[in-house]
Each structure stands twice: as C-alpha cells, then as structure tokens.
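Each chain is listed here by its residues.
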Amino acid sequence: MTRETVPLPEGFGVEFDADTKFVGADVLFGGSPPRLLRLNAAGVRALGELRSGPVGSIASGRLARRLTDTGLAHPRPPVPDRPAEATVVIPVRDRAAALDRCLAALGDSYPVIVVDDGSADQEAIRVTAEKHGARLRRRAVPGGPGPARNDGLALVTTPLVAFLDSDCVAGPDWITALAAHFADPMAGAVAPRVRPETGGGAVGRYLDARAPVDLGGREARVAPLTRVSYLPTAALLARCSAMPEAGFDPGLRYGEDVDLIWRMIDAGWRVRYDPAARVGHVEPGRWGAVLARRFRYGSSAAPLARRHPGRVPPLVLQAWPAESAAALLARRPLAALAAYGAGTGQLVWLLRGWGVPARGVLRPMAASVQQTWLGAGQWAIQYALPAVAAGLVCPGGRTRMIRAGRRLALASLLAGPPAAAWLRARPDLDPVRFGLGYLADEAAYGAGVCRGAAAERLAEPLLPRFAWRPLPRAAGSAAGRKPR
C-alpha cells in the first residue's frame, strides 16, 4: 500500500470545508484548487459513514484521505490518550531579551534546545538559556536560522520537534493542540496560526491586518499552488522521521522553510495548517524594517524556483477570465462579454460531461474575472509600478477620452487590490494610509523578487502562468473513482 492510499486511521472524523458543495448525492465540488469529485456506490456508502461519525472502515478511511488531500474536508483527530513527546528548538542571534520573553511564555512543559547562531554577546544568551532551564548549543559562525535549526534537530530524541523563533510569544498549548494530528501516520508537519503582536501607530495597525507570517483563519492542507502553499517555521510542529535527511537547506538564507515543507510533501508526507492553535509573533514597529523584511522575503523566490520549477509563479491566469479582464481594462465591453460567454460555455460543457447540473455558473465566472483583475493589479504593483505610474502621468492617446480611459484602467490596477484587502480585513486604519502601506509593501516584495531573479539569472518567478483547464477532476480512489 503506497502512501497515497493509506487510509485515514479509525477514530478520525472529517469536517467539510465551508466552500464544499454537494451537487447531488454522489458529486462534490470544492477544494483547492477547485475540482469535482464523483463517488461510486462504495464511495456514497463511505460518505454516509463519515457524515454520521468517525472513520470506522477501510473504505471510509480511504475516502476521508481523499477528501482531506483535496481540501474538500479537514481531519478531526481523536483526543490523545497521552501527552505529546516533543522538544522545542529555538534559533537565536543577538536577541537575548526576545529569547527571555519567548522562554518565559513557553514554560517548562517541554524540553527546549536553544541554538546560539554566533551571537556577538554569547554570555547574554547563555545566561538567558540557563535561567529557563534550556539546553544550549553554540555555533561559532552565524549561518542563518536554517543551519541553526539543523544543529538543534540533531540533538532531539523525541518523536516530535517544535521549531519556534525567538521573537515568538506562546505558551505550550499550541504544541499540545497540534500534536493530536500525528495520530495520522502520514502527518509530517502541522503549523498554528501566527498572529502579529504589534505596537500602536499606522505600522502596527497595518501589520495587524497584513502580517506576512499570518496565513489567515481558515484551515487547510498545505501543498504548492493551493490556497495555503507553504508554512513559515516561525512556529512549526514536525515529525522527526519526516524531516528530510539534510534538514533545512543551508544554501537558502530566506525561504528555507518553504523549501523544507515542499520536500516533505514531495516525499509523500501530509502537511497541515491548523489556525485553531495560535502563536504570537512580535512585529517591527517601523516602516523601514517592515519593507526591508519584505524585500528579503521576495529575494527567496528565484532560488526556490530554481529548486522547485513551476511552483513559484507570481500569477496564475485562467484563459477566458484573463481575456475578459483584459478586454474590460482596454474598454472593449463586447470583447469582454464574448470572452465571459465563452468561458461560461466551456464550464457548462464540462459540467454536463459529468452529468452535473450547470445552474449557478454565472456567479463563479464573474468572481473568476474579478480575481483575475485583482491578481493582475497585484502583479503590476509588485513588478511594474514605475511603468504604471508613468502611464498615469503620460497615458498617450489622441483624444482626451482615450487618455482618461487609459488612466482609469491603470488606476484600477493600483487601487483595486488594496481596496479589496481593506474591505476584507476592515483594519483600524483609514483606507488611504492602508493603501499606501499596501503599495509600498508589495513593491518592496517585488523588488526583492527582481533582485533574486537577477542573481539567479532566472525569469520564471516574474512571469505569469496560464492554466488552460478550468476545472480539474479529483484523482480516483477505491471510494471515489474518476468517471470514464
């Protein structure tokens, strides 16, 4: 039995994702990316078992695995019958005060290994670690958080390891809560939600809504090119036996956590994001520090694309929604309507091929066009902000109406994404300052991507990618086979 077919163990329940829809008794729609899953007769019986209780048979376990692998549902592990066996590894460099705060909040429920990554004041780190009963490992030369975590991991003897950054503040409850997931023998790593701890002022209020380490309040299976494609190791609980043999890639100063997660997934391990557990993360209080960090994060895109081709596109475009959005921006409503109609017709044809009613397809198509416009705007902010700004000043065109239309289209690309983000988050910050922060934030990230792409001589992380198939089908299983 391969890893892909190992059933979810008995005792696990499932909860369907909020976006999952039942299109009849034997067809489900949803997941990430969205897909259709048709069940055979055995699958329908297994579904009934899962809807009435936890996994109790191989058939329901296989269906539960398929549902959780596609994002149609999420696992609900049984309550553990014993405490978690985990060791906490904390890399640190020259942040003794932050380390003291981190260790004080963590308490003594789990053994802790502090790895001093070549701090200038090693004595301060030693005193802090001893104060809280943590084991200390010193590195003579700084190598970054990845190699420091590797050194700590080499000392771990428990089945689980909890990676925690020194600028995090959390009690031991997040480890206890997430450990239940490892009752699944295929669970490789699970991460909590990392919420920002900010000060007052515009910077803090902006980061409270858009901190880069906060992946939001919806749980997910983690996989490349899905809604949650990676996990930060600011806080991560992992199975030691699932860690790649080489650990974190020492050649990556940034993005080493993304690379690690993707290598675990490639090896067949399941990785999950569970926001029911939370960890605090102290955020910078100045715009300069915020934008410098985003630049550094962006610089990891090209090295990651080199190691994982095809997994770091800045934008994925569906053909018909992209054509419709482009026509609207070009002020060609008839062409936009034609593309919208063609895309809707293609979706109806696919659904009818499955024997699925095509009711209600207009709204999803409209939402797809909107998301394409917002995605194009974010790409323009990240990689073409000077060109868009120049176009606003000198739009060209023979008539005043043409120039005004071009300015309106370009302005919508710049204003749309921050406006949509503000409406979703409703932060305690006015739209103007939030929008300016958004533009600076995304432009800094894009500049980092460009810097990394130039260093790697690789254009892939800058170029949008087209996805021609609008609605994939879920792969078959014993309980849910793909129809022929």
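Procedures and definitions
Residues numbered from 1 in each chain as written. Predicted model: local features only at pLDDT ≥ 70, side-chain atom pairs only at ≥ 80, totals over all residues. Heavy atoms only, no water. Buried < 20%, exposed > 50% of the residue type's maximum accessible area, 1.4 Å probe, protein only. Helix = DSSP H or I, 4+ residues; strand = E, 2+ residues; numbered from the N terminus. Pairing = 2+ DSSP bridges. Phe/Tyr/Trp six-rings, centres within 6.5 Å; stacked < 30°, edge-to-face > 60°. Salt bridge = Lys/Arg side-chain N within 4 Å of Asp/Glu carboxyl O. Axes fitted to C-alpha atoms, helices over the stretch in contact; angles between N-to-C directions. Parallel < 35°, antiparallel > 145°, perpendicular 65-115°, else oblique. Contact = heavy atoms within 4.5 Å. Nonpolar A, V, L, I, M, F, W, Y, C, P; charged D, E, K, R; others polar. Core = buried A, V, L, I, M, F, W, Y, C linked by side-chain atoms within 4.5 Å. Expected span 1.5 Å × (residues − 1). Bend = angle between axes of the 7 residues up to and from the residue. Left-handed = near helix turned anticlockwise from the far one by under 90°. Disulfide = S-S within 2.5 Å.

**Student:** Pulling in residues and values, what's your account of the pairing of strand β11 (residues 187-197)?
**Tutor:** Within β11, 9 of the 11 residues are buried, which leaves it mostly tucked inside the rest of the structure. One ladder, built from 9 bridges, connects β11 with strand β14 (residues 270-282); its direction is parallel. Counted as the bridge partner of Pro196 is His281 from β14. Across 2 bridges, the pairing between β11 and strand β13 (residues 235-239) is antiparallel. Within the sheet, the bridge partner assigned to Val190 lies in β13 and is Leu237.

**Student:** Please set out the packing of aromatic side chains residue by residue, giving values where relevant.
**Tutor:** Applying the stated criterion to the full structure yields 5 aromatic pairs. Between the aromatic rings of Phe163 and Phe248, the centroid separation amounts to 5.3 Å while the plane-to-plane angle is 85°, which identifies the pairing as edge-to-face. Taken together, the residues span a long stretch of sequence, with Phe163 in strand β9 (residues 160-164) and Phe248 in the loop between β13 and α8 (256-266) at a distance of 85 residues. Each member of the pair, Phe163 as well as Phe248, is classed as buried.

**Student:** Break down the pattern of salt bridges for me, citing the residues and quoting the values.
**Tutor:** Tallied over the entire structure, the rule returns 31 salt bridges. Linking Asp69 and Arg221 is a salt bridge whose minimum nitrogen-to-oxygen distance equals 3.8 Å. On the criterion of sequence distance, the pair formed by Asp69 in helix α2 (residues 58-70) and Arg221 in strand β12 (residues 220-221) is long-range, its members being 152 residues apart. Assigned by exposure class, Asp69 and Arg221 land together as buried. One salt bridge in this structure joins Asp441 and Arg210, with 3.3 Å as the shortest N-O distance. Pair noted here: Asp441 is in helix α16 (residues 431-456) and Arg210 is in helix α7 (residues 201-210), with a separation of 231 residues, a long-range link. Salt bridges sharing common partners tie together Asp117, Arg137, Arg139 and Asp151.

**Student:** How would you sum up the packing of helix α3 (residues 96-106) against helix α4 (residues 122-131)? Please name residues and give values.
**Tutor:** The geometry of α3 relative to α4 is characterised by a closest axis approach of 9 Å and an angle of 10° between their N-to-C directions. Classified by the angle their axes make, α3 and α4 are roughly parallel. Residue-level inspection shows Ala96, Leu99, Asp100 and Leu103 of α3 in contact with α4, the latter providing Ala124, Ile125, Thr128, Ala129 and Lys131. Split by residue class, the contact of α3 with α4 holds 6 nonpolar, 1 polar and 2 charged.

**Student:** Describe the pairing of strand β4 (residues 35-38), with residues and values.
**Tutor:** The pairing of strand β3 (residues 27-30) with β4 spans 4 bridges and is antiparallel. Counted as the bridge partner of Gly30 is Arg35 from β4. The turn linking β3 back onto β4 is made up of 4 residues, and Gly31 within it adopts a positive phi angle of 85°.

**Student:** Quick one: what's the story with the nonpolar core, residue by residue and with numbers?
**Tutor:** Phe163, Val222, Leu231 and Ile261 are the most contacted members of the largest nonpolar core, which has 38 residues in total. The set of elements that each furnish at least two residues to this core consists of β7 (112-117), α5 (145-153), β9, β11, β13, α8, β14 and α10 (301-307). Tallying contributions element by element places α8 first for this core, with 6 residues. Beyond its immediate sequence surroundings of up to four residues, Phe163 is in contact with Val89, Arg149, Leu153, Trp174, Thr233, Ala234, Ala235, Leu236, Met243 and Phe248. If you look at the next biggest cluster of nonpolar residues, it comprises 33 residues, including Leu106, Tyr110, Ala134 and Trp174.

**Student:** Describe the side chain of Arg65, listing the residues and the values that go with them.
**Tutor:** Structurally, Arg65 can be placed in helix α2. On the basis of relative accessible area, Arg65 is assigned to the buried category, the value being 3%.

**Student:** Pulling in residues and values, what's your account of helix α15 (residues 400-425)?
**Tutor:** If you check α15, its first and last C-alpha atoms are 37 Å apart, about what 26 residues at 1.5 Å a residue would give, namely 38 Å. By the largest-angle criterion, Ala415 marks the main kink of α15, which is about 35°, and a proline, Pro417, follows within four residues. Buried residues of α15: Gly405, Ala409, Ser412, Leu413, Leu414, Gly416, Pro417, Pro418, Ala420, Ala421 and Trp422, and no others. Of the surrounding elements, those touching the buried residues of α15 are α11 (319-329), α13 (362-383), α14 (385-393) and α16. Following α15 by one or two positions, Arg426 adopts a phi angle in the positive range, close to 45°.

**Student:** Tell me what's going on with the sheet that holds β3, and back it up with residues and numbers.
**Tutor:** Taken in spatial order, the 3 strands of this open sheet run β2-β3-β4, and their pairing is antiparallel. Looking at strand neighbours, the two that pair on one side only are β2 (21-22) and β4, the edges of this open sheet.

**Student:** Before we move on, could you go through the packing of α15 against α16 and cite the residues and values that matter?
**Tutor:** Across the interface, α15 lies against α16 with an axial gap of 9 Å and an inter-helix angle of 115°. Note that α15 runs across α16; the crossing there is right-handed. Judged by residue contacts, Leu414, Pro417, Pro418, Ala421 and Trp422 of α15 engage Pro431, Phe434, Gly435, Tyr438 and Leu439 from α16. For the contact of α15 with α16, the residue count by class is 9 nonpolar, 1 polar and no charged.

**Student:** If you had to explain unusual backbone geometry to someone new, which residues and values would you point to?
**Tutor:** One can expect most non-glycine residues to show negative phi and most peptide bonds to be in trans. The omega angle of the peptide bond from Ser32 to Pro33 is -5°, so this bond is cis rather than trans. If you trace the backbone, Pro33 turns up in the loop between β3 and β4. We note that Arg331 has phi near 60°; this positive angle belongs to a residue other than glycine. When you line up the elements, Arg331 lands in the loop between α11 and α12 (333-353). With relative accessibility at 41%, the residue Arg331 sits in the partly exposed group. Residue Arg457 is not a glycine yet carries a positive backbone phi of 55°. Arg457 sits in the exposed class, given a relative accessible area of 80%.

**Student:** Talk me through the state of the cysteines; I want residue IDs and the actual numbers.
**Tutor:** Across all of its chains, the model carries 0 disulfides by this definition. Note on Cys102: no disulfide assigned, nearest cysteine sulfur contributed by Cys168 at a separation of 6.6 Å. Residue classification places Cys102 among the buried residues on the basis of a relative accessible area of 0%. In this model Cys240 remains outside any disulfide bridge; the closest cysteine sulfur is found in Cys102, 18 Å from its own.

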